[in-house]
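Close look at the chain arrangement
Each chain, letter by letter, is given below.
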Amino acid sequence: MRRGNGTRVAAVKLTEHQAKTLLAERGVLTPAGRLARSPSDAVAAAGEIGERVVVKAQVRTGGRGNAGGIIIVDSAREAGEAADRLLGTRIGDEPVGAVLVEQAEEISAEHYLAVTIDPSSGQTMLLRSARGGVEVETMADSITREFVEPGHLVHDEPAATLLAAFIELDALLIEINPLAKTTDGRLIAIDAKIELDDAARFRHVDLFEGLASTESEGTDRERAAADIGLRLVELGGDIAVLANGAGLTMATMDAIVAAGGRPANFLEIGGDAYTKAAPALEIVLSQPGVSSLLVNFCGAFARCDVMTAGVIDGWETLRSDHPNLPINFSISGTGQDEARQLVRNRLNLEPHNTMAEAVAAAIAGAESSGAFP
Amino acid sequence: MIIETEHRVIVQGITGAQGTYWTEQMQAYGTTIIGGVNPRKPGIEHLGVPVFASAVEAAETLGRIDVSVLFVPPAGALAAVGDAIEAGIRLVVVLTEFIPVHDTMTMIAMANECGCRIIGPNTAGTVTPGQTFVGFMPAFDDRIFRPGRIGVVSRSGSLGTLTALELTRAGYGQSAFVGIGGDPVSGTTTLEAVAALDTHRGTDAIVIIGEIGGRKEEDAAMAVAACSKPVVSFIAGAAAPVGTRMGHAGAIIEGTTGTHSSKKAALVEAGAIVVDVPWEIPGALAVCSIGPDRKHQTEEKSTVGDTT
């Protein structure tokens, strides 16, 4: 079994070009386009497609258009210049490594079409609006929602194709926005988003090849954590937190904040990742500004003795780099007696009796050894 | 969804390391394990119970099976649930995490069609203190779980464990712990668990342990408003950074729901007390005039009324 993701499903987001390729293969009309990785590529692509083209940065970050990532040009030379301007820059946190050079379509109307999962009912839901575009979510009244129960048939295109692809690809989301009506009457996908379910990677090996999950986005340390199967979010505070399970980890952060402290991170080592306490500790202690460590374990499936032994092993190799770091433990649940004894024997520390006590001590520890003014 | 000693339980995936370890714990606690399933090892005996090739074959030999619990890898979970449903089992506890969400949707649709309830996936299971546990909760530690009158519904196993610990420490035993699981799509929702505990005779008050993300707590508000018993809740994630949403569709469906403030507002509006840290739960129960078990006992014995 693989590690848990708390309340999230790990999504694999495709770029516009990847999404459109999958849709086009299934018969959805998309503008003629080519991927370009250099300005000269872009010039050549524009030359093939036609003079008036759109040059679009291939990033998965939202708000790409507003960030200047989409440029309409009237010649192949200008397409090269646009590519030159976009390639190597960053949109959001994401570097622009490729641009999509596409035929500019003459549009008479913009619609919206998406298929996703409704979290309340757990059913597939088809969303449609006659008025698409970047502000579509602000026009909730114009959007129709249709539950798609098993066996339910949708007869119109491209909705039927989208639904079939949704199931075939193990998608979490397929969205065409806008789905444009051209002045010559074609219905064409101007932009498309697809998010796949990372949990379904095992049955789509070719499709997922080279695709990273959203778990691997973020800072260098967050990516390093993702590489060993840990989910880290850096928060910038001074109290490093190691806890098991997303729920307990969030509750630990909440308790620190409620008591006036500043958590340095969210790092979950629940599920099968409970054996990775040592590398997890190394990652959280490498964050700048950390001046206190709180270890909060509540073992159910994850055994406290295994997690605690990992923390202590990690600490023994790292402690010389952090000579004055206060460590506070709160340990209960599966394996707690062995775990508490390990802390006493190997670290000569007494685990706290309650989580409240451990949180208060961790905050006091950060204040006394603090890197923050 | 509250599993008692008389319920007959099988373990699908009983021979693996985790299946073996937790089956032993369940047996020692009092859960009535009558058999196991491993398609590759039919005919053997493991932990004192017979192992079958399928749940269907187990049912043919063993007769009535009330509950199945799955220690099965993600790729095999859908087929295993289908097998359990075909065997006529009406409660299936799916511990497996990282099941593709389309498989989860399929198994829930199959279960609904056959009158079967799924708890999970990605749940740590259920505990009926003093009687049974099904899954991997530290039920066997009486510093954490004790028989009593508080029903707990939790998305998280670790936070559910902490909650039981804080309740027990304050003198509140538990009537039932229902882990609904951490996945966005679940066979049993918070709403359904609250409704079940509302009609459960052994339960005096309900604790909802939620988390940011999704809309299970907002949806549960309807059951809380209709509930005849006091409801106390802790929602984890007040201090968490705001997560990313899935395209425009995510924003359209979720609207303003999914955040800590939206969940808290919905539950408070429905009449629940929402606390800021887990150890405030016992105090909130006291505010609802639900006293600890020890106090009940002392009051019964005492001739002098002290109701503080």
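Just so it is clear, the model here is predicted, and its values are computed rather than measured.

1. Details of the overall build of chain B
If you tally the helices and strands in chain B, you get 11 helices and 14 strands. The C-alpha atoms of chain B give 20 Å as radius of gyration, which agrees with the globular expectation for 308 residues (19 Å, within 12%). Each of the three principal axes of chain B carries a C-alpha extent, and together these read 60 × 60 × 30 Å. Of all 308 residues assigned to chain B, the portion counted as buried reaches 61%. Total accessible area computed for chain B in this model is approximately 11,200 Å², and 53% of it derives from carbon and sulfur atoms. Across chain B, the 21 positively charged side chains and the 31 negatively charged ones have centroids separated by 3 Å.

2. Quick look at the state of the cysteines
All names here are of chain B. Summed over all chains, the structure comprises 0 disulfides over all chains. Not part of a disulfide, C116 finds its nearest cysteine sulfur in C114, a span of 7.5 Å. Here C116 falls in the buried class, since its relative accessible area comes to 6%. Of all cysteine sulfurs in the structure, the one in C227 sits closest to C288, which takes part in no disulfide; the separation is 11 Å.

3. Focus on the side chain of N296 of chain A
All names here are of chain A. Topologically, N296 is positioned in strand β17 (residues 292-299). Residue N296 is classed as buried on the basis of its relative accessible area, which comes to 2%. A distance of 3.4 Å separates the side chain of N296 from the side chain of S330, its partner in a polar contact. Every residue in contact with N296, bar those within four places of it in the chain, is listed here: L242, A243, N244, L248, T252, S330 and M355.

4. What about the domain arrangement of chain B?
All names here are of chain B. If you check the domain split of chain B, you get domain 1 (8-119) and domain 2 (141-295). Its C-alpha centre places domain 1 at a distance of 27 Å from the equivalent point of domain 2. Counting from both sides, the interface comprises 7 residues of domain 1 and, opposite them, 6 residues of domain 2. Between domain 1 and domain 2 lies a buried interface of about 660 Å² when both sides are counted; carbon and sulfur atoms form 55% of it. Its largest share of buried area at the contact with domain 2, domain 1 owes to I108, R117 and I119, together 54% of the area lost on that side. Between domain 1 and domain 2 we count 1 salt bridge in total. Here E192 ties to R117 by a salt bridge, and the two come within 3.5 Å at their closest N and O atoms. At the junction of domain 1 with domain 2, the criterion picks out 2 residue pairs in polar contact (both at pLDDT 80 or more). Within the residue set of the side of domain 1 that touches domain 2, elements represented by two or more residues are α4 (101-114) and β7 (117-119). For the side of domain 1 that touches domain 2, a count of residues per class yields 5 nonpolar, 1 polar and 1 charged.

Scoring rules and cut-offs
Residues numbered from 1 in each chain as written. Chains lettered and ligands numbered in written order. Predicted model: local features only at pLDDT ≥ 70, side-chain atom pairs only at ≥ 80, totals over all residues. Heavy atoms only, no water. Helix = DSSP H or I, 4+ residues; strand = E, 2+ residues; numbered from the N terminus. Rg over C-alpha atoms; globule rule 2.2 N^0.38 Å. Buried < 20%, exposed > 50% of the residue type's maximum accessible area, 1.4 Å probe, protein only. Areas by Shrake-Rupley, 256 points an atom, 1.4 Å probe, with all protein chains shown as cover. Lys, Arg positive; Asp, Glu negative; His and termini not counted. Charge placed at Lys NZ, Arg CZ, Asp CG, Glu CD. Disulfide = S-S within 2.5 Å. Polar contact = N/O pair within 3.5 Å; in protein donor to acceptor, adjacent residues only side chain to side chain. Contact = heavy atoms within 4.5 Å. Domains from an automatic or database assignment. Buried area = accessible area lost by both parts, 1.4 Å probe. Salt bridge = Lys/Arg side-chain N within 4 Å of Asp/Glu carboxyl O. Nonpolar A, V, L, I, M, F, W, Y, C, P; charged D, E, K, R; others polar.

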